[in-house]
There are 2 protein chains.
Amino acid sequence: MENNKYSTLQELIENKIKDINFKNEPHLLYEPARYSMSNGGKRIRPLLTLIANDLFNGKVEDAIDVAIGIEIFHNFTLVHDDIMDSAPMRRGRPTVYKKWNTNIALLSGDVMFGKAYEYISKVNSSKLVNVLNSFTQGAIKVCEGQQYDMDFESTTFVSIDEYKKMISLKTGALIATALQIGCIIGSSSIEDSINIYKFGENIGIAFQLQDDLLDTYSNPDKFGKITGGDIISKKKTFLYSKSIELADENMKKQIVNMYNDDTINNSDKVKNIIKKYNELNIKSITEEEIKKYYEEGLNYLKKLKVEYNKRKALEEYVENLIVREI
Amino acid sequence: MENNKYSTLQELIENKIKDINFKNEPHLLYEPARYSMSNGGKRIRPLLTLIANDLFNGKVEDAIDVAIGIEIFHNFTLVHDDIMDSAPMRRGRPTVYKKWNTNIALLSGDVMFGKAYEYISKVNSSKLVNVLNSFTQGAIKVCEGQQYDMDFESTTFVSIDEYKKMISLKTGALIATALQIGCIIGSSSIEDSINIYKFGENIGIAFQLQDDLLDTYSNPDKFGKITGGDIISKKKTFLYSKSIELADENMKKQIVNMYNDDTINNSDKVKNIIKKYNELNIKSITEEEIKKYYEEGLNYLKKLKVEYNKRKALEEYVENLIVREI
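Attention here is on the structure that accompanies the text. (Residues numbered from 1 in each chain as written. Chains lettered and ligands numbered in written order. Predicted model: local features only at pLDDT ≥ 70, side-chain atom pairs only at ≥ 80, totals over all residues. Heavy atoms only, no water.)

1. Concerning the overall build of chain A
Each helix and strand counted, chain A has 16 helices and 2 strands in total. The C-alpha radius of gyration computed for chain A amounts to 20 Å, which stays within 12% of the reference 20 Å derived for 326 residues, consistent with globular compactness. Its C-alpha atoms give chain A principal-axis dimensions of roughly 60 × 50 × 30 Å. For chain A, long-range pairs separated by at least 24 residues make up 75% of all intrachain contacts whose partners lie at least 6 apart in sequence. Of the roughly 13600 Å² of accessible surface on chain A, 48% is carried by carbon and sulfur atoms. Here chain A contributes 44 positively and 47 negatively charged side chains, and the mean placements of these two sets differ by 1 Å. (Helix = DSSP H or I, 4+ residues; strand = E, 2+ residues; numbered from the N terminus. Rg over C-alpha atoms; globule rule 2.2 N^0.38 Å. Contact = heavy atoms within 4.5 Å. Areas by Shrake-Rupley, 256 points an atom, 1.4 Å probe, with all protein chains shown as cover. Lys, Arg positive; Asp, Glu negative; His and termini not counted. Charge placed at Lys NZ, Arg CZ, Asp CG, Glu CD.)

Following this line, the structure appears as structure tokens:
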């Protein structure tokens, strides 16, 4: 039954996204924004807002605009991240800056940030201060996470702690914020809103670790990305940082040299790095780590004073997101 | 007396800007934001917020955080505009993207947008909805104006109407919004807040026309910019668009060809274009136009139901901004 409810909510989100009141002019400002929003994503964040609101028996109509605002913000970050990462493709389509150009992606992103606030501001005025503060702090954390991620580009070694701090900001913070805002709109207790935030932060980290894993180990036909993209772009992923942490001096040198070698072709590089990862058992170590964060998250979820069935449905939804076929 | 008050407010703004709670880390996120905020600008927008609030006897402490938020937003737009315009210098210093790089300027700008909302959100909760809506709509208009300005780069002819629409969004909207938000915080009537918005929009247009004029006709030692920068970067300014409107077919061809000729050196190009402008009397036509918008603005200002002395002081402040020595 809860699953049916989730599908209904997902449909509502998709319809509301189609209805976002982007103007027609200036065309090169709003067309890329529309394109960015029609990306066929899973809409995890707005759904989590609606689910969290429902946990406390809040009404969908009180949370839907804010949920859409969070999704607009999320897509804005993708538009700007793709510029910074020089990423040509996203979900099988050219990224905004590739389809148009950097300036257009930059400015369309900016207006999406403004639009996100337009939607956030539609919340009932009695909830506005708290929703706004939670959202703004979440947004700032996402920027901080992205900066740490960029810092890593010019760092040879990234410790596992630094890596986790980065993803807890870049990915964890918005998932956590989306959930917390749902709680605020649903008038939860402060305690519940803190626990749901921690649940979100942990599962956000789990999602990101899984993304790292899938980038290197997934079947490209299923995942829609080229396998090994992170290796090719020399990203300091969890897999890479963990391999550096675990390797002996000799192997460490080999991995670092191989990762930074621009003379060998990409597919050989990916193959060689994966071979090293396999020697160090990185795949199952990462899987264990994902499980650890997922379970840590669940511990916080279990603390919520909400209906068992509703909590269980959220647990199942998140579990399905985590256990993706590789 | 009011002038003394303005200096006190300006000092307060400067001190509050120094106190903005940017974190230290990530360093490459917040250092460029701090640098951008310490630009020695005239802080016109936050001052207008405080003045408008004072017109209705609002308290400074109720408006100062919002005023700072508006200034942070304004500086964010400069950071991003400088990327889009490839502008190497601003107020005698390298622009953020030149001093660091494009990605850093992009992301620092984003976090400044978030910080702007953090400060806007500090307003008394009874005013929050209205202040927020006014600010967000202003922010969106600024993006629209910047997009129209970028559109002009690939357009040979920009009509005077199109040009004015662009600057009323890019420059007028934020000046108008800064004033209107001051009104809202000062609990003005709706009528007064509409009139002050129109006052702001008109003087914003006057400011921008004056900027166009100064760019081409000012003494570089006084103005701090290279004379003719707009001509060198082929900007579709009011002066250019007006000259195209007024020139006969033959002269029009000459101006267009000269403006787009990459083979002649910059100083000759500037000299030749100014010669054409002079033949068409563009300098005094622009001065007339500035006066027209300034006076149109004043008509709206005069409608406000506020103390005569306070209104007069605002009028003088704006007049001093407009009549800059060329």
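2. Here's the deal with the interface of chain A and chain B
For interface size, the figure often reported is the accessible area lost on association. Of the residues lining the interface, 37 residues belong to chain A; the matching set on chain B comes to 37 residues. Between chain A and chain B lies a buried interface of about 3300 Å² when both sides are counted; carbon and sulfur atoms form 70% of it. Notably, a salt bridge pairs Glu 144 of chain B with Lys 23 of chain A, separated by 2.7 Å at the nearest N-O pair. The interface formed by chain A and chain B holds 10 residue pairs in polar contact (both at pLDDT 80 or more) in total. Mapped onto the side of chain A that touches chain B, the elements with two or more residues apiece are α2 (27-37), α4 (60-84), α6 (102-120) and α7 (125-153) of chain A. For the side of chain A that touches chain B, the leading source of residues is α7 of chain A, giving 15 residues. Tallied by class, the residues present in the side of chain A that touches chain B amount to 20 nonpolar, 10 polar and 7 charged. (Buried area = accessible area lost by both parts, 1.4 Å probe. Salt bridge = Lys/Arg side-chain N within 4 Å of Asp/Glu carboxyl O. Polar contact = N/O pair within 3.5 Å; in protein donor to acceptor, adjacent residues only side chain to side chain. Nonpolar A, V, L, I, M, F, W, Y, C, P; charged D, E, K, R; others polar.)

3. Concerning the packing of aromatic side chains
Evaluated as defined, the whole model comprises 24 aromatic pairs over all chains. Judged by centre distance (4.7 Å) and plane angle (25 degrees), the rings of Phe 76 of chain A and Phe 113 of chain A are stacked. One end of the pair, Phe 76 of chain A, is in helix α4; the other, Phe 113 of chain A, is in helix α6, and 37 residues separate them in sequence. With relative accessibility at 1%, the residue Phe 76 of chain A sits in the buried group. By relative accessible area, which is 0% here, Phe 113 of chain A ends up buried. An aromatic cluster is present here, built from Phe 73, Phe 76, Phe 113, Tyr 117 and Phe 135 of chain A together with Phe 73, Phe 76, Phe 113, Tyr 117 and Phe 135 of chain B joined pairwise through their rings. Just above the ring of Phe 157 of chain B sits the side chain of Lys 252 of chain B; from NZ or CZ to the centre is 4.9 Å. (Phe/Tyr/Trp six-rings, centres within 6.5 Å; stacked < 30°, edge-to-face > 60°. Buried < 20%, exposed > 50% of the residue type's maximum accessible area, 1.4 Å probe, protein only. Lys NZ or Arg CZ within 6 Å of the ring centre and 35° of its normal.)

4. Digging into the side chain of Thr 77 of chain A
Residues and elements named next belong to chain A. Mapped onto the elements, Thr 77 comes out in helix α4. According to the relative accessible area criterion, Thr 77 is buried, its value standing at 10%. Reaching out from Thr 77, the side chain makes a polar contact with the backbone oxygen of His 74 at a distance of 2.6 Å.

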